[in-house]
Amino acid sequence: QLRRLAPNGVDVYFDNVGGWILEQVLGQINHKARIVLCGAISNYNVVVSSVANLPPGPRNLGTLIVHSAKMEGFIVMNYKKQFARARKELEQWHAEQKLAFHHVQVNGLEHAPEALVGLFRGENLGKLVVCIHKDNETNNKDNDITTSTTTTTTMLPHAKL
């Protein structure tokens, strides 16, 4: 599916999932690609008792060398002074349809546990939203209580940032 979504390769990738998803993206990077690592939620709860059961990926870090790419850790608070400017630019890029936002919505509190497990497995793309209805008979927004938790995997093929 990645080759279909980014047929010309990946120039910029922001990741907080890690594991096999990061490995797949590294297999699609372009020359001088930039990869931002913000976390590795797919591996947070993995217990490693031996080399044989190491979590999947990435095993192809050599592609960074071949493509002269850059991969760097990212902590959002290091950029606190730039929040206002970044928000303005992101809003502009969204208005210009240069950014795409993805979300998965799960309806009903009874589905929250399996949604949370799926979050840790990396089964969603973008924001995961669990929508809890006060009144199951209606979908009126005034009766909705929404809770969300987020993991983000964003690919911007050939984004000029």
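Residues numbered from 1 in each chain as written. Predicted model: local features only at pLDDT ≥ 70, side-chain atom pairs only at ≥ 80, totals over all residues. Heavy atoms only, no water.

### A word on the overall build of the protein
Counting its secondary structure elements, the protein contains five helices and seven strands. Mapped from its N terminus to its C terminus, the protein presents α and β elements in the order α-β-α-β-α-β-α-β-α-β-β-β. Evaluated residue by residue, the protein yields a buried proportion of 30% over its 161 residues. Here the analysis covers contacts within the protein between residues at least 6 apart in sequence; of these, 55% occur between residues at least 24 apart. For the protein, the exposed area adds up to about 11200 Å²; of that, 55% sits on carbon and sulfur atoms. (Helix = DSSP H or I, 4+ residues; strand = E, 2+ residues; numbered from the N terminus. Buried < 20%, exposed > 50% of the residue type's maximum accessible area, 1.4 Å probe, protein only. Contact = heavy atoms within 4.5 Å. Areas by Shrake-Rupley, 256 points an atom, 1.4 Å probe, with all protein chains shown as cover.)

### Describing helix α4 (residues 83-95)
For α4, with 13 residues, the first-to-last C-alpha span of 18 Å sits near the 18 Å given by 1.5 Å per residue. One or two positions beyond α4, positive phi appears at Gln-97, with a value near 60°. (Expected span 1.5 Å × (residues − 1).)

### Let's talk about the pairing of strand β1 (residues 10-15)
Among the six residues in β1, five count as buried, and that is most of the element. Where β1 and strand β2 (residues 29-37) come together, five bridges link them in parallel fashion. By the bridge assignment, Tyr-13 is partnered in β2 with Ile-35. Considered for its hand, the β-α-β crossover made up of β1, helix α2 (residues 19-26) and β2 is right-handed. (Pairing = 2+ DSSP bridges. Right-handed = clockwise from strand over helix to strand, strands pointing away.)

### Things to note about the confidence of the model for the protein
The predicted coordinates of low-pLDDT regions are not to be read in fine detail. On average, the protein scores 77 in pLDDT, and the residues at 70 or more come to 75%. Looking at the elements of the protein, mean pLDDT is at its lowest for strand β7 (residues 153-156), recorded as 36, and at its highest for α4, recorded as 93. Here residues 136-161 scores under 50 on pLDDT; set against residues more than four positions off or in separate chains, the count is 68 contacts. (pLDDT = per-residue confidence, 0-100.)

### Digging into the pattern of salt bridges
If you walk through the whole model with that rule in mind, you get four salt bridges. The partner of Glu-72 in a salt bridge is Lys-70, with the nearest N and O atoms 3.3 Å apart. The residue Arg-85 makes a salt bridge to Glu-89 at a minimum N-O spacing of 3.1 Å. Highlighted residues: Arg-85 and Glu-89, both in helix α4, separated by four residues, approximately one helical turn. (Salt bridge = Lys/Arg side-chain N within 4 Å of Asp/Glu carboxyl O.)

### Comments concerning the nonpolar core
With 21 residues, the main nonpolar core has Tyr-13, Val-25, Leu-26, Ile-29, Ile-35, Leu-64 and Ala-69 as its most contacted residues. Per-element tally for this core: the top contributor is α2, with four residues. When neighbours within four sequence positions are excluded, Leu-64 is seen to be in contact with Leu-26, Ile-29, Ile-35, Ala-69 and Met-71. (Core = buried A, V, L, I, M, F, W, Y, C linked by side-chain atoms within 4.5 Å.)

### So, the side chain of Gln-28
Here Gln-28 is to be found in the loop between α2 and β2. You can call Gln-28 buried: its relative accessible area is 8%. Residues in contact with Gln-28, not counting those within four places in the same chain, are Leu-2, Arg-3, Ala-6, Gly-9 and Val-10.

### Examining unusual backbone geometry
One can expect most non-glycine residues to show negative phi and most peptide bonds to be in trans. Positive phi values are uncommon outside glycine, yet Lys-32 reaches one of about 65°. Within the secondary structure layout, Lys-32 lies in strand β2. Phi angles above zero are rare outside glycine, and Ser-68 is one such case at about 50°.

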